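Coordinate inspection notes
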Amino acid sequence: MRKPKNFNLFLLMLFSWLLIGFDNPEVFTTIEINAISGMQYNVVRFKVKPGEKIKLTLHNVDEMTHNWLLTAPGKREEIVSKALKLPDGEANDYIPEDENLLAAIPLLNPDQSYTITFTAPQEEGVYPYVCTYPGHGSVMYGAMYVTNNLLPPLASDKNIPEQRRESDDQIDEKVSGHPYKMVLPSMYRAFMPQSGPASIAVGMLGDISYCWDAGKCRFRYAWEGGFLNMERTWRGKGKERADIVGVIFYREEVDYPIKIGEKKLVPKVSFRGYRMKNRYPTFLYTLNNIEVEERILPTFDQPGLQRIFQLSNLEDDIFIEIPPKNDISIKVNKGEQTNNGFRLSAKEAENFIITIQELEKVESL
Amino acid sequence: MRSGCIFILAIIISVSCAEKETERLGDFYSIENIELPSGLMPEVGGMDFMPDGRLAMCFHRGEVMIYDPQTSDWQLFAEGLHDPLGLRVLSEREIVVMQRPELTKLVDNNGDEVADEYLTISDNFGMSGNYHEFAFGPSMDSQGNFYISLNCASRGDGIWDEVRGEFNPLGRPGRMYSSVPYRGWVLKISADGKEVTPWASGFRSPDGIRFNEDGTLYITDNQGDWLGTSKLFVVEKGKHYGHVSSLVWRDGWNVDPLTLSTDTLNQLREKAAVLFPHNLIANSPTEPIVIPDNVNFGPFAGQLLVGEMNFPRIMRVMLEEVNGKTQGACINFLDSGKLSNGNHRMIFGPKGDLWVGSTAYVWAGNQGLQRIHFNGGTPMEVMQVNARSNGFSIQFTRPLGTKNSNLLNQIDVKQYYYKYHGKYGSPRVDEQEVKIKGITLSEDKKSLDLKLENMKPGYVYDITLNQVVSNIGIKLINNRLFYTLNNVPTN
């Protein structure tokens, strides 16, 4: 008996839906991938955590037809040749039946988009994705890293097409959407998800990115595994928010993290702009009359970041109140720990560093 | 060599003798497309010249780039801005950009021609997250103050849970709305950003804002709710220009403007200096610019040019003062085949060329950069229009031909008005032919006086000059003008 078209795909999706449930869209990590000219995906790799729930959309912005198949580690070439041998390939979207096929998006014509949801495997590893349209499979592919660790340097990553193994995480102008190569660190002012309308996104080396709210003068969240996909926000009138590439690992959910004096007053903030050095911004703002410089840099021992503060015109002690998080280490290099944060004297608060990192996973035997 | 010179001379003579009856303005103005760097999405938000003659531009995807007309090189000055829609050069090292969230000064401190400081001059206005809250400008007065204009939000989208600035529910209803501070306003911002003055209200989508050297602030606004057709305003401090939602940010205002009668609202507003009849000349006017006296750009120095998004056109505006108020007429300036549509930003270069940047934003429009060069000569055009108590006086760039003995049959005049109401746009209302009672040609044959059977204030006079030719038989190039008769002069 011939199975209906995309039966496997249907099963996969049904399975994912059953696993995830319909009612809570918040739990998905969103991945947006464009099929672009030159037989390539704009996102050649991304990182997820084991068991993470993924909502992945493929936008075909190329002039050719493309699909997207996720395979088990090391099975890309096998799936590609199996797809080619399908007797009625096009009708089956070049999606073969195979236990090593983990997820798939059918053939999309130019300007079509398609979204699937699935759960990342529990097993860490490099899971290839590929376009199996005849002739595309040998060049049009990428890698989903399922890992809690940092990714290898792009330039030496054997799991992505050779022409995309550029040093310093460079993306050339054909892909960047700009008249220059995209180099990390990089930043965009953009409408960002889960932040105020005046926001800033910064992508740093090590694929750690963060969102900083210029309206509220505060840090909002950090993610790892990539930077932004601006395609949807650029395509329209600027209505859509930018898409995060990667996984949010830290959110600062608090009315305001720095409070002034014993009364712990929430300060009145004013955004003064930023200064660029080595392509990283230093944010300039005021809290009441206190002038603040906040520079944010990635940490490399563990995925995370450092926020280096300089405050002037201080008279009172300050209280840094950041709620603790599971799996996250929050450290301040000055002052004393209190039951809900840190207390720094006016003197100590002239220079201090907040370090926010993912906790190292202890392997269980 | 000598024979070559004679040959060229002969060509020149033969060309000038063969001057045809039909000329186009494109014969007098040549248009050149400027090559853009690979990878750039050239949707132009703003442009201004630097003191050294290079052109600074900002683009939809957040780049500020500098173009050198000498070398045709492009260079990146700044990146990552949020929808910048206006730019002014302060010096070779300082460029001010109006981006969605802030008015920002970009500073190159170390002279490497890349901005290393992005300093907020002001973010003292609200953002609801609605995509239609574009921010335009800045234009600058002679004291260095900035003027910015803030688009209202659109019913095509809601507002975010988190907004910047105070939320005012009175400003939330309506097609286009102002639920956070100063949407639909022009703000004056001091050079250091410390003083922000709400300057004037009543705007819907004020994309074009320009302070002229004489101190006049011109703003264009787009057909929609409370705008029966697109308009050009001469904006004065403290006044209101008709789109109602912005009224909620007046001191002491405590009512949803949409609950007031149209009559009441009509009393509050100042009228536009010029209406651009929808579909007849413009659907979406953009940046106005006065042709400076000191550039060689044809016979229209001192008049305004206004860009247009939907048609491949630049318009010309002829203004006059009547009973103490500015009003006047619009006419097509240039719509030769080579001109792009989406004409969004315009600036005169050091050599007197007009540089035009295009955008679309998914609406009708285009992308790119064009340079318009005046080739010399005198196009046969309407030079100026003045209202009289009993008609109009129309001046031409050249004397009219003697064939105009029967001018009466060659001029059509219509009148109509546009409704002021909350609906989107307005039809032409009470559209009627106006009878011409008499025509007088001046002694120098460069001026016609039309006597009309009526002059109704509040109406647009739509005047078509058919078969009007110059003394050497050349047809009028643009023969239809639209005069907005707010006031009828007494003489």
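Located above this text is the structure these notes cover.
Now for a description of the structure that goes with this document. (Residues numbered from 1 in each chain as written. Chains lettered and ligands numbered in written order. Predicted model: local features only at pLDDT ≥ 70, side-chain atom pairs only at ≥ 80, totals over all residues. Heavy atoms only, no water.)

Helix and strand content of chain B: two helices and 34 strands. The C-alpha atoms of chain B give 24 Å as radius of gyration, which agrees with the globular expectation for 491 residues (23 Å, within 12%). Here chain B holds 491 residues, and 60% of them are scored as buried. Counting contacts in chain B only where the partners sit at least 6 residues apart, residues at least 24 apart contribute 60% of the total. If you sum the accessible surface of chain B, you get close to 18900 Å²; carbon and sulfur atoms cover 47% of it. Both charge centroids of chain B, one from 46 positive and one from 58 negative side chains, sit 8 Å from each other. (Helix = DSSP H or I, 4+ residues; strand = E, 2+ residues; numbered from the N terminus. Rg over C-alpha atoms; globule rule 2.2 N^0.38 Å. Buried < 20%, exposed > 50% of the residue type's maximum accessible area, 1.4 Å probe, protein only. Contact = heavy atoms within 4.5 Å. Areas by Shrake-Rupley, 256 points an atom, 1.4 Å probe, with all protein chains shown as cover. Lys, Arg positive; Asp, Glu negative; His and termini not counted. Charge placed at Lys NZ, Arg CZ, Asp CG, Glu CD.)

To continue, consider the sheet that holds strand 1 (residues 29-36) of chain A. Residues and elements named next belong to chain A. On the basis of which strands lie adjacent, the open sheet formed by four strands has the order 2-1-4-7 and mixed pairing. Two strands close off the open sheet at either side, each with one partner strand: strand 2 (40-41) and strand 7 (113-119). Relative to strand 4 (residues 53-60), strand 1 runs parallel, the two being bridged by seven bridges. Each bridged residue has a counterpart across the sheet, and for E32 the counterpart in strand 4 is T57. (Pairing = 2+ DSSP bridges.)

In a structure, side chains of opposite charge can pair up when their charged atoms sit close to one another. Taken as a whole, this structure holds 42 salt bridges over all chains when the rule is applied. The closest approach of N and O atoms between E253 of chain A and K325 of chain A, which form a salt bridge, is 3.2 Å. Placement of the pair is E253 of chain A in the loop between strand 16 (247-251) and strand 17 (258-260) and K325 of chain A in the loop between strand 22 (318-320) and strand 23 (328-332), with a sequence separation of 72 residues. Taking the relative accessible area as the measure of exposure, E253 of chain A reaches 53% and is therefore exposed. Through salt bridges with shared partners, a single ionic network connects D213, K216 and R220 of chain A together with E162 of chain B. (Salt bridge = Lys/Arg side-chain N within 4 Å of Asp/Glu carboxyl O.)

All right, on to the interface of chain B and chain A then. How big an interface is tends to be expressed through the accessible area that disappears when the partners come together. Listed as interface residues are 38 residues of chain B and, on the opposing side, 35 residues of chain A. Between chain B and chain A the total buried area reaches about 3100 Å² when both faces are included, carbon and sulfur atoms providing 54% of it. Area buried by chain B at its contact with chain A is led by R61, W160 and E162 of chain B, which between them contribute 23% of it. The residue E79 of chain B makes a salt bridge to R279 of chain A at a minimum N-O spacing of 3.1 Å. Summed over the shared surface of chain B and chain A, the number is 17 residue pairs in polar contact (both at pLDDT 80 or more). No other element matches strand 9 (residues 117-122) of chain B, which puts four residues into the side of chain B that touches chain A. When its residues are assigned to classes, the side of chain B that touches chain A shows 16 nonpolar, 10 polar and 12 charged. Summarising the sheet, strand 18 (residues 269-277) of chain A and strand 9 of chain B pair through three bridges and their orientation is antiparallel. The partner of R275 of chain A across the bridge, within strand 9 of chain B, is E117 of chain B. (Buried area = accessible area lost by both parts, 1.4 Å probe. Polar contact = N/O pair within 3.5 Å; in protein donor to acceptor, adjacent residues only side chain to side chain. Nonpolar A, V, L, I, M, F, W, Y, C, P; charged D, E, K, R; others polar.)

Looking along the chain, the bond that leaves L184 of chain A and enters P185 of chain A is cis, with omega of 0°. With respect to the helices and strands, the residue P185 of chain A is situated in the loop between helix 3 (173-176) and strand 10 (186-190). G137 of chain B connects to P138 of chain B through a cis peptide bond whose omega is -5°. Looking at the element boundaries, P138 of chain B is found in strand 10 (residues 135-140). In this structure, C217 of chain A takes a positive phi of about 55° despite not being glycine. As for its position among the elements, C217 of chain A is in the loop between strand 12 (208-213) and strand 13 (218-224). Classification of C217 of chain A as buried rests on a relative accessible area of 1%. In the Ramachandran plot, S72 of chain B falls in the positive-phi region, its phi being about 60° despite a non-glycine side chain. Its place among the elements puts S72 of chain B in the loop between strand 4 (64-68) and strand 5 (73-78).

On to the sheet that holds strand 12 of chain A. Residue and element names in this part refer to chain A. In spatial order, the strands read 10-11-12-13-16; together these five strands make up an open sheet with antiparallel pairing. In this open sheet, the two edge strands, each paired with only one partner strand, are strand 10 and strand 16. Geometrically, the sheet is characterised by an average inter-axis angle of 25° between neighbouring strands, direction not taken into account. With four bridges connecting them, strand 13 and strand 16 associate as antiparallel partners. Within strand 16, the residue paired with Y221 across the bridge is R251. (Axes fitted to C-alpha atoms, helices over the stretch in contact; angles between N-to-C directions.)

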